[in-house]
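For reference, the chains in residue letters:
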Amino acid sequence: REGVAESFDVVVCDPPKLAPSVKDLRRAGRKYRQINSLAMSAVRPGGLLLSCTCSAAMTQSGGFLPMLHEAATAAGRSL
């Protein structure tokens, strides 16, 4: 859990819209991965992460769940 000073039972990750359109998905995916990886690192083992996106392009593309799996791998965590 490198880079995280504290851990919590519950972490809510609700960033602003990072992918206002499909053309922004690649850049937004990288940002979502980084943000969620850090958030996962802050969750105590057995804790809960609520990760949100208001970017329809991200969810409609089917990229949100795979991004969460990639973020978990980067954080050394599992979903």
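Here the residue numbering is sequential within each chain, running from 1 through the sequence in written order. Per-residue local features are limited, in this predicted model, to residues with pLDDT of at least 70; the limit for side-chain atom pairs, both in listing and counting, is 80 or more; totals at the level of whole chains, interfaces and linings are taken over all residues. Side-chain measures here rest on the full set of heavy atoms in the structure, leaving out hydrogens and waters.

Here we take up the packing of helix α1 (residues 25–41) against helix α3 (residues 64–75). Interaxial angle, 0 to 180 degrees, is taken between N-to-C directions of lines fitted to C-alpha atoms, where a helix line uses only the stretch in contact. Only DSSP runs of H or I with at least four residues qualify as helices, and only runs of E with at least two residues qualify as strands; both kinds are numbered from the N terminus onward. In the contact formed by α1 and α3, the axes pass within 8 Å of each other and the chain directions differ by 50 degrees. Comparing their axes, α3 and α1 come out oblique. α3 is crossed by α1, and the crossing has right-handed handedness. Contact with α1, carried on its side by Gly29, Tyr32, Arg33, Asn36, Ser37, Met40 and Ser41, involves Met67, Leu68, Glu70, Ala71, Ala72, Ala74 and Ala75 of α3 and no other residues of that element. Each residue receives one of three labels: charged for Asp, Glu, Lys and Arg, nonpolar for Ala, Val, Leu, Ile, Met, Phe, Trp, Tyr, Cys and Pro, and polar for the others, Gly being one of them. Of the residues contributing to the contact of α1 with α3, the split by class is eight nonpolar, four polar and two charged. Note that the term roughly parallel is reserved for angles under 35 degrees, roughly antiparallel for angles over 145, roughly perpendicular for angles of 65 to 115, and oblique for everything else. Left-handed describes a crossing whose near helix is turned anticlockwise from the far helix by less than a right angle; the clockwise case is right-handed. Whether two residues touch is decided by their heavy atoms; if any such pair falls within 4.5 Å, the residues are in contact.

Relative to the elements of secondary structure, Leu38 occurs in helix α1. For the pair Leu38 and His69, spaced 31 residues apart in sequence, the C-alpha to C-alpha distance is 13 Å.

This part takes up the pairing of strand β2 (residues 43–51). Regular strands have side chains that alternate between both faces of the sheet. Criterion used throughout: strands pair if DSSP finds at least two bridges between them. The pairing of strand β1 (residues 8–13) with β2 spans five bridges and is classified as parallel. Bridge pairing in β2 links Cys13 to Ser51. At this point the chain moves from β1, through α1, to the parallel β2, and the crossover so formed is right-handed. If the strands point away from the viewer and the path from the first strand over the helix to the second runs clockwise, then the crossover is right-handed.

Bringing a nonpolar patch on the surface into the picture now. Any residue with relative accessible area above 30% and no salt bridge may belong to a patch, with like charges joined within 9 Å and the nonpolar Val, Leu, Ile, Met, Phe, Trp and Tyr side chains within 5 Å. Note on areas: Shrake-Rupley, 1.4 Å probe, and residue coverage restricted to the protein chains presented here. By definition, a salt bridge exists where a carboxyl oxygen of Asp or Glu is found within 4 Å of a side-chain nitrogen of Lys or Arg. Nonpolar side chains collect at one region of the surface, where Val10, Val12, Leu48 and Leu50 lie side by side and expose about 370 Å² of accessible area between them. Secondary structure elements with two or more residues in the nonpolar patch: β1 and β2. Along the chain, Val12 falls in strand β1.

Note on soluble globular proteins: their nonpolar side chains tend to be buried together. Only buried residues count toward a nonpolar core. Its members are Ala, Val, Leu, Ile, Met, Phe, Trp, Tyr and Cys residues joined through side-chain atoms within 4.5 Å. Exposed residues in this analysis have more than 50% of their type's maximum accessible area, buried residues have under 20%, and partly exposed residues fall in between, with area computed by a 1.4 Å probe over protein chains only. In this structure, Tyr32, Met40, Met58 and Met67 are the most contacted members of the largest nonpolar core, which totals 14 residues. Looking at this core, the elements that each hand over two or more residues are α1, α2 (56–60) and α3. Of all the elements, α3 adds the most residues to this core, at six residues. When neighbours within four sequence positions are excluded, Met67 is seen to be in contact with Gly29, Tyr32, Arg33, Asn36 and Met58. Judged by nonpolar contacts, the second largest core, of five residues, contains Val11, Ala39, Ala42 and Val43.

Keep in mind these numbers describe shape, not what the thing actually does.
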